[in-house]
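Each chain is listed here by its residues.
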Amino acid sequence: SDEREPILEFSDKELTDLAIFEHNEWVKEKENTGWILGDKKDEEMRTTPFLVPWEDLSEDDQKYDKDAIRNIPALLDSIGLKAVNSKIKILTFKMHEEYLKRHNNNIGENIDSAELFDELDDYIKFSNYKQAKFNIKLLNERGYDLVPRTGEDWDDEVKSFSKRDLEHFAKREHKAWFKLKSDLGWKYGPKRDDENKINPNLRPWKKLDKKVQNDNMKTFEVLPRLCADPEVNLKIVKSE
């Protein structure tokens, strides 16, 4: 009964990622129950030739795992269920779209946020997913919850944050970003240089340019509106 469109098939990238995850979980299960690598499968001796990293499997064995994943949407449909994009995933799409609109005047209104997001490198996608989840954690720290928009009674919906809240969110997010970049070997420099891991914003919050601070706060300022988007259909409320 969920209003989101069902996922009828996975992309090739999703198919591979999920198959690798499935194989890795299977390896963990086998190793935890005493199975070891062997030339052939032997139930009594608990040996199997498939107890190897994904990249060491033959193409036929990889296809076996992929086929199992490929059948998930049809299997769910056969029992009256469906797979959908999580609302946090869709919110991540919208956050990226909003970021592009703030920094690129060529981004129009009638765009597909999922398609825009799909153009990103995988490591940037992963970073954006982590940021969205971390932002929700920051809301929780400040006494807010993210809940489904149900019915017509939305009087409890938080539609804006105080300047104090916005600055708190932005400071915490910057601190986490600063630590992540530093752990990955990035350094401060006056001009951004991705190849040499140099970023002009890799400095304490108080030393950031005011424009950068305001841009960080804008991420949270627009969050209530992005949550209210019909595709996301969430709302921010004060914790009870």
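Per chain, residues are indexed from 1 in the order of the written sequence. It should be noted that, the model being predicted, local features are given only for residues of pLDDT at least 70 and side-chain atom pairs only at 80 or more, the latter also being counted only at that level, while totals for whole chains, interfaces and linings use all residues. Working from all heavy atoms in the structure, the side-chain values ignore hydrogens and water.

**Some points on the overall build of the chain**
- Within the chain one finds nine helices and six strands.
- Against the compact-globule benchmark of 18 Å for 240 residues, the chain has a radius of gyration of 22 Å, which places it well outside the compact range.
- When the backbone C-alpha atoms are referred to their principal axes, the chain occupies close to 65 × 50 × 40 Å.
- Per-residue accessibility, obtained with a 1.4 Å probe over protein chains only, is compared with the maximum for each type, and a residue is labelled buried under 20%, exposed over 50%, and partly exposed between these values. Within the chain, the proportion of its 240 residues that are buried is 32%.
- Note on contacts: a residue pair is in contact if any heavy atoms of the two residues lie within 4.5 Å. In the chain, the proportion of contacts linking residues at least 24 apart, taken out of those at least 6 apart, comes to 61%.
- Note that accessible areas follow from Shrake-Rupley with a 1.4 Å probe, and for residues the cover is restricted to the protein chains shown. Carbon and sulfur atoms make up 50% of the accessible area of the chain, which amounts to about 16,500 Å² in all. Think of it this way: any DSSP run of H or I at least four residues long counts as a helix, any run of E at least two long counts as a strand, and we number them from the N terminus. Computation of the radius of gyration draws on C-alpha atoms, with the globule rule given as 2.2 Å multiplied by the number of residues to the power 0.38.

**Notes on the environment of Phe-93**
- Looking at the element boundaries, Phe-93 is found in helix H4 (residues 87-103).
- Of the residues examined, Phe-93 reaches a relative accessible area of 8% and is grouped as buried.
- A sequence separation of 83 residues divides Phe-93 from Ala-176, and the C-alpha atoms of the two residues are 21 Å apart.
- Dropping the residues within four chain positions of it, Phe-93 is found in contact with Ser-113, Ala-114, Phe-117 and Tyr-129.

**Description of the nonpolar core**
- Residues belong to a common nonpolar core when they are buried Ala, Val, Leu, Ile, Met, Phe, Trp, Tyr or Cys residues joined through side-chain atoms within 4.5 Å. The biggest cluster of nonpolar side chains holds 26 residues, and the ones touching the most others in it are Leu-91, Phe-161, Leu-223 and Ile-236.
- Secondary structure elements with two or more residues in this core: H4, helix H6 (122-141), strand E3 (144-148), helix H7 (163-183), helix H8 (210-221), helix H9 (223-227) and strand E6 (234-238).
- Among the elements that take part in this core, H6 stands out by supplying five residues, more than any other.
- Ignoring any residue separated from it by four or fewer positions in sequence, one finds Phe-161 in contact with Leu-139, Tyr-144, Leu-166, Phe-169, Phe-220, Pro-224 and Ile-236.
- Core analysis: the second largest hydrophobic core is formed by nine residues, Ile-7, Phe-10, Trp-54 and Ile-69 among them.

**Structural notes on unusual backbone geometry**
- Its identity as a non-glycine residue notwithstanding, Lys-197 has a phi of 55 degrees, on the positive side.
- Among the secondary structure elements, Lys-197 is positioned in the loop between strand E4 (187-188) and strand E5 (198-199).

**Details of the packing of H7 against H8**
- Interaxial distance between H7 and H8 falls to 8 Å at its minimum, and their mutual angle equals 110 degrees. Here H8 runs roughly perpendicular to H7, going by the angle between their axes. Two packed elements cross with a definite hand, and for H7 against H8 that hand is right-handed. Contacts from Leu-166, Glu-167, Phe-169, Ala-170, Glu-173 and His-174 of H7 reach H8 at Asn-216, Met-217, Thr-219, Phe-220 and Glu-221. Lines fitted to the C-alpha atoms define the axes, with helices restricted to the stretch that makes contact. Angles between their N-to-C directions range from 0 to 180 degrees. To sort the angles, those under 35 degrees are grouped as roughly parallel, those over 145 as roughly antiparallel, those from 65 to 115 as roughly perpendicular, and the leftovers as oblique. In this scheme, a crossing is called left-handed if the near helix is turned counterclockwise away from the far one by less than a right angle; it is called right-handed if the turn is clockwise.

**So, the pattern of salt bridges**
- Whenever a carboxyl oxygen of Asp or Glu lies within 4 Å of a side-chain nitrogen of Lys or Arg, that contact is scored as a salt bridge. Using the criterion set out here, one finds 21 salt bridges in the structure.
- Here Asp-156 ties to Lys-235 by a salt bridge, and the two come within 3.0 Å at their closest N and O atoms. Of the two residues, Asp-156 is situated in the loop between E3 and H7 and Lys-235 in strand E6; the sequence distance between them amounts to 79 residues.
- A relative accessible area of 43% places Asp-156 in the partly exposed class.
- One continuous salt-bridge network, built from bridges that share partners, spans Lys-63, Asp-67 and Arg-70.

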